[in-house]
Amino acid sequence: MSSPLLSVSKVSKSFDGIFALREVSFEIFEGECIALVGENGAGKSTLMKILSGVWPSGKYGGDVFFEGKKLALKSPVEGRKSGISIIHQELCLFPKLSVAENLFLTESFPYDGTPSNKLFERVHWKAFEEKAQCLMDELGFDVEARAIVEDLSVAKRQLVEIARAFHHKARLLILDEPTSALSQVEVEHLFRVIQRMRGQMTFIYISHKLDEVFELADRIIVLRDGQAVTSLKKSETDAAQVIREMVGRPVHLEEKAPKDFDGDPILKVNRLSHESDSAKTILKEVSFEVCSGEVLGISGLMGSGRSELLRSILGIQPGTRTGEVWFEGNKVNWENISQAMEDKVAFVPEDRKRDGLFLDHGIDFNLTIATLDQNLSGTGTLALSEEKKRVKSLIERLGVKCFDFKSPVKVLSGGNQQKVLLGKVVALSPKVLMLDEPTRGVDIGAKEEIYTIIRQLASEGMAVVLVSSELPELLALSDRIMVLREGKVMGELQNHKLTQEKIMLLAAGEVNGSRS
Amino acid sequence: MEAVLERLKMKTSNSKLSWKTYQREIIPVLVIVLCALIFDAWSGGAFITPRNLSNLSRQICVNLTLAVGMTLVILTSGIDLSVGSVLALSGMAAAISQVHWQWASSGLVGAVFSFGLAIAVGGLSGATTGMAVSRLKITPFIVSLGMMVIARGLTLIISSAQAVAPLGDTLGRLSSDYVSPQISFVLLLGIAGLGLGVEVLRWVKQSAPGGDIAKNLFAILALCLLGIYTFCNYRGIPYMVFISVLCALVGIFALKYTRFGRFIYAIGGNREAAELSGVPVAKTLWLTYFLMGCLAGLAGVMDSARVNGAVPSAGELGELDAIAAVVIGGTSLMGGMGTIGGTVLGVLIMGTLNNGMSLVGVSEHYQKVFKGLVIILAVYLDLRSKKK
């Protein structure tokens, strides 16, 4: 092979002094299919953002060479023009527009088939759609050019993105966890598409599903803690070695001793089903119990209904719910968070910036907003000095690192923000704590601290329902793990001699678990 | 952990008076002082006189009352465009009760009832707006736009598009009467003493950054001295000023020391998060619009008292003056950030410009152009100071 298509040379990027990437170097040759693997937080997405121009050149250290030239992107638009296209986990399409419009909209406007930059070009709809259909047919994609994107399945939307990248003459296509929302059949179809297009494009395939990686890739590049630790040829390695490189230490899982939780469950869910407003089934006959002091993990792929289950129980999932929820032996029907909070059931939502935090407000504001009734003075007004004491003790208890508790939470690191969010509900001293992805986007050190807090809370007698997409997290924290797939319970596993593989098999729907 | 607490302590006790921290309060004050000096020089010393300042204080009462409510609404990231029309409707209701229903003849009782009627009318329309915003979840802009037209229409209907005048003497005194200079003096001294006491206590207990305390001390002293200069040398504190300043003080207190106030900031800061933190979003929003309506009603009766009657066109563009004062005062239209203290400064800037330009004889048409420019400039400057 001659000179590499893409050459990454000593690229570094840090946020607030914490390195997300540290002198990463690797090379990719024309026509290869590379798998990029690494744990969450290993630096995969930061690297992608550099390659796609989200972080413009100059904002990171080191150099990237593409087709022999130094890549100096100023914006994502330039990234696309340079010949590198990226397909994100959350697809970047205009849902209300047609496939044809999505294919051609973001470049100049070739509305009659020839590109034009005029703002007031007449749209030749017919020629426009025919051209889109041609492109789809040429690629062998079974997608109607006139269809509205939001009516398409996720798999077909991905094809639209691939077609768009192809149309933009992308020479390097990066796929970021493309299969997380696909069914098995759709995954196979996607793989056939990738295999077929390998003559025309070079692929970087990001995934943490090793079976897919081994099926597709010629070479596997492993990132760990922001460093490119190794590059392995598929023919010369196996899954065990890749995992070892990813984790960087012998995989040692703390064996959770099986504990007996006898006594009545504090929260009991009986045949809970949920339909969305458009009559789509979100949850189907989900039943589970959790006792005080127990941590119940809930696992499942994207779209399995794991977050929706929590939201449905709390009455904040749109749509209609059937089935029963029992709390402390009483049947309850919470309609909003306030009602659940009155029963001392607390919820930490998954997207902390959108649903959890008041980013412009201080740490103190965020910590106390849910529990203001605890610091009322005799006259019903807020006792600010009392409040300050509570804030101090919460900050201390959760180990939030900050200089001033009035500083806005948006300046805190992800881990500290997550601790503030936890602190807010801990202040409520809940009996049941529902956590949705409690460590998303949190660095490894802070993760351990949050785990310690959760373990501490459980040992104090709190029942914890933990939804997570990270299997190591579930294995480290849970007493039991319930696996969901497409809204149904696939199995419930005691966390004893449990492995990631066992959970994945259930989540992917390949075996039926035994209910215990 | 001790290290963290140690740092916390240092931070609270070591805060210095820095230009950066307080520029958003200092700049408006400087602008006001500068404007006052310019107008005074230009008018040959007619601006800074007890008589003119007393007039100025009466002119800004209506806007201050509206702007206090508008601050709450905008803090929730809402808007209420109906307040000008609601002001007209409630002022008209008060005038009709005085003139047509002859409540004027029952003296103080009649005046109190008319006063109450105006607030009730305002409260009712605010409650309606609030219901549509909080329960039906219609955008505040649209709801209040509708309510603006409805209230204006109702005003024209109940008044048959005629002016209604004159009010009874008792209600008219709301505008024309003053707390006597002696009592005013005692009141102002009392307020100053109380404020000083509270701040000194906070300083001793170190419960607030030193800069904040200095700022509050400065504000209290400056306002009381200005008040004594203005009111004790000219008839005393006008009733209207007394009422609207009371509204502002209650508003400041409510935002800082009640759950309601905290909830308002929370809703404006991040509505999703507020909902998921158990904040009673719908109830808080409803109450906010209801209070805004009551304040518009109060402003309506004050406005009627000021001109001793009601005209159907009263309060036109009143909502825009109020919104302008709020944003000049540094409250973000996105909600969540801002204070009534800032709004008071915004009202003062607008009032100073209005009064000063009239005093030096700038035509009303030019005044409008100039005011518009000031609004845009103020918001631009605020935007820039936030980015830094």
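Residues numbered from 1 in each chain as written. Chains lettered and ligands numbered in written order. Predicted model: local features only at pLDDT ≥ 70, side-chain atom pairs only at ≥ 80, totals over all residues.

Novice: Please explain the overall build of chain B as it appears in this structure.
Specialist: A tally of regular secondary structure across chain B gives 17 helices and 2 strands. Here chain B has a C-alpha radius of gyration of 21 Å; the compact-globule value for 388 residues is 21 Å, and the two agree. Its C-alpha atoms give chain B principal-axis dimensions of roughly 70 × 55 × 40 Å. In chain B, which comprises 388 residues, the share counted as buried stands at 47%. Put simply, of all contacts in chain B between residues at least 6 apart along the chain, 81% involve residues at least 24 apart. (Helix = DSSP H or I, 4+ residues; strand = E, 2+ residues; numbered from the N terminus. Rg over C-alpha atoms; globule rule 2.2 N^0.38 Å. Buried ≥ 20, exposed ≤ 12 C-beta atoms within 10 Å, placed from the backbone. Contact = placed C-beta atoms within 7 Å.)

Novice: How do you make sense of the sheet that holds strand E15 (residues 330–332) of chain A when you look at a structure like this?
Specialist: Two modes of strand pairing occur in sheets, parallel and antiparallel, and in both the strands are linked by backbone hydrogen bonds. Residues and elements named next belong to chain A. Pairing within the open sheet is antiparallel, and its 4 strands lie in the order E12-E11-E14-E15. Only two strands of the sheet have a single neighbouring strand rather than two, namely strand E12 (281–290) and E15. Here the average twist between neighbouring strands, direction ignored, is 10°. When strand E11 (residues 267–275) meets strand E14 (residues 320–327), the two strands line up antiparallel, connected through 7 bridges. Looking at E14, one finds that Glu275 is bridged to Thr320. Each of E11, E12 and E14 is contacted by helix H9 (residues 306–314), which is oriented at about 75° to E12, the strand it contacts most. (Pairing = 2+ DSSP bridges. Axes fitted to C-alpha atoms, helices over the stretch in contact; angles between N-to-C directions.)

Novice: Got a minute to help me understand the interface of chain A and chain B in this structure?
Specialist: Interfaces are often sized by the accessible area lost when the parts come together. Taken together, the contacts link 27 residues of chain A with 25 residues of chain B. Elements with a contribution of two residues or more to the side of chain A that touches chain B: helix H10 (337–342), helix H11 (352–356) and helix H13 (384–398) of chain A. Counted by class, the side of chain A that touches chain B contains 13 nonpolar, 6 polar and 8 charged residues. (Nonpolar A, V, L, I, M, F, W, Y, C, P; charged D, E, K, R; others polar.)

Novice: What exactly am I supposed to notice about the domain arrangement of chain B here?
Specialist: Residues and elements named next belong to chain B. Per the domain assignment, the segments of chain B are domain 1 (56–177 + 239–387) and domain 2 (178–237). The C-alpha centroid of domain 2 is placed 26 Å from the C-alpha centroid of domain 1. Counting residues at the interface gives 5 residues for domain 1, matched by 4 residues for domain 2. Examining the composition of the side of domain 1 that touches domain 2, we find that 3 residues originate from one element, helix H11 (residues 239–257), more than from any other. (Domains from an automatic or database assignment.)

Novice: Sorry, what's going on with helix H5 (residues 83–99) of chain B here?
Specialist: Helical geometry: 3.6 residues make up each α-helical turn, so side chains three or four residues apart lie on a common side. Between its terminal C-alpha atoms H5 of chain B stretches 24 Å, which fits the 24 Å expected from 17 residues at 1.5 Å a residue. Within H5 of chain B, 15 of the 17 residues are buried, which leaves it mostly tucked inside the rest of the structure. (Expected span 1.5 Å × (residues − 1).)

Novice: Looking at this model, I keep getting lost on the nonpolar core. Mind explaining?
Specialist: Note on soluble globular proteins: their nonpolar side chains tend to be buried together. Counting residues in hydrophobic clusters, the biggest one holds 174 residues, and the most contacted among them are Val464 and Leu466 of chain A together with Met70 and Leu295 of chain B. At 15 residues, the largest contribution of residues to this core is made by helix H14 (residues 281–307) of chain B. Counting residues domain by domain, this core receives three or more from each of domain 1 (56–177 + 239–387) and domain 2 (178–237) of chain B. Look past the residues within four positions of Val464 of chain A in its chain and what remains in contact with it is Val295, Leu433, Leu435, Ile454, Leu457 and Ala458 of chain A. (Core = buried A, V, L, I, M, F, W, Y, C linked by C-beta atoms within 7 Å.)

Novice: Help me understand H11 of chain B, please; the structure alone is not making it clear to me.
Specialist: Residues and elements named next belong to chain B. Its 19 residues place the ends of H11 26 Å apart at the C-alpha level, agreeing with the 27 Å of an ideal helix rising 1.5 Å per residue. Those residues of H11 that sit buried are Met240, Val241, Ser244, Val245, Cys247, Gly251 and Leu255. Considered in projection along H11, the buried side chains sweep an arc of 145° and stay on one side of the axis. (Arc of directions from axis to C-beta.)

Novice: I would appreciate a short explanation of the pairing of strand E17 (residues 432–436) of chain A in the present structure.
Specialist: Consecutive residues of a regular strand have side chains that alternate between opposite faces of the sheet. All names here are of chain A. The buried fraction of E17 is high, at 5 of 5 residues. On E17, burial covers both faces: Val432, Met434 and Asp436 on one face and Leu433 and Leu435 on the other are all buried. The sheet contact formed by E17 and strand E18 (residues 463–467) spans 5 bridges and is parallel. Each residue of the ladder has a partner; that of Leu433, found in E18, is Val464.

Novice: Can you help me understand the confidence of the model for chain B in this one?
Specialist: Detail in the predicted coordinates should be disregarded across regions flagged by low pLDDT. Residue and element names in this part refer to chain B. Put simply, chain B has an average pLDDT of 89, and 94% of its residues get 70 or more. Across chain B, helix H4 (residues 61–75) holds the top mean pLDDT of 97, while helix H1 (residues 2–14) sits lowest at 47. Low confidence marks residues 6–17, where pLDDT is under 50. Its contacts with residues over four positions away, or in another chain, come to 14 contacts. Scored as a whole, the predicted complex attains pTM 0.80, and scored at its interfaces, ipTM 0.83. (pLDDT = per-residue confidence, 0-100.)

Novice: Got a minute to help me understand the environment of Ile316 of chain A in this structure?
Specialist: Residue and element names in this part refer to chain A. Considering the arrangement of structural elements, one finds Ile316 in the loop between H9 and E14. Placed 83 residues apart in sequence, Ile316 and Lys233 show a C-alpha to C-alpha distance of 48 Å. Apart from the residues lying within four places of it in its own chain, the contact partners of Ile316 are Arg311, Asn336 and Ile337.

Novice: Please explain the sheet that holds strand E6 (residues 84–87) of chain A as it appears in this structure.
Specialist: Residue and element names in this part refer to chain A. Across the sheet, 6 strands lie side by side as E6-E7-E8-E3-E9-E10; this open sheet has mixed pairing. Of all the strands in the sheet, just E6 and strand E10 (227–233) have a single pairing partner and so form its edges. Going across the sheet, the axis of each strand differs from the next one's by a mean of 20°, ignoring polarity. One ladder, built from 6 bridges, connects strand E9 (residues 219–224) with E10; its direction is antiparallel. Across the sheet, the residue bridging to Leu223 is Ala228, located in E10. Helix H1 (residues 44–52) rests against strand E3 (33–37), E6, strand E7 (172–176), strand E8 (202–206) and E9 of the sheet, and its axis sits at about 140° to E6.

Novice: Can you walk me through the environment of Phe19 of chain A in this structure?
Specialist: Residues and elements named next belong to chain A. Relative to the elements of secondary structure, Phe19 occurs in strand E2 (residues 18–28). Taking the number of C-beta atoms within 10 Å as the measure of exposure, Phe19 has 16 and is therefore partly exposed. Taking the C-alpha atoms as reference points, Phe19 and Gly43, 24 residues apart in sequence, are found 9.0 Å from one another.

Novice: Looking at this structure, how should I read the packing of helix H15 (residues 318–328) of chain B against helix H16 (residues 340–359) of chain B?
Specialist: Angle between the axes and distance between the axes are the two parameters that describe a pair of packed helices. Residues and elements named next belong to chain B. The geometry of H15 relative to H16 is characterised by a closest axis approach of 7 Å and an angle of 120° between their N-to-C directions. Considering the angle they form, H15 stands oblique to H16. Remark: the crossing between H15 and H16 carries right-handed chirality. On H16, the residues touching Asp321, Ala324, Ala325, Val326 and Ile328 of H15 are Thr343, Gly346, Val347, Ile349 and Met350. Broken down by class, the residue content of the contact of H15 with H16 amounts to 7 nonpolar, 2 polar and 1 charged. (Parallel < 35°, antiparallel > 145°, perpendicular 65-115°, else oblique. Left-handed = near helix turned anticlockwise from the far one by under 90°.)

Novice: What should I look at first to understand unusual backbone geometry in this one?
Specialist: What is expected of a backbone is that most residues other than glycine have negative phi and most peptide bonds are trans. With an omega dihedral of -10°, the bond running from Ala165 of chain B to Pro166 of chain B counts as a cis peptide bond. Tracing the chain through its elements places Pro166 of chain B in the loop between helix H7 (140–159) and helix H8 (169–176). Even without being glycine, Glu23 of chain A reaches a positive phi, approximately 50°. Looking at where Glu23 of chain A falls in the secondary structure, it is placed in strand E2. For Leu317 of chain B, which is not glycine, the phi torsion reads 65° and is therefore positive. Here Leu317 of chain B is to be found in the loop between H14 and H15. Take Leu317 of chain B: there are 10 C-beta atoms within 10 Å of it, and that puts it in the exposed class.

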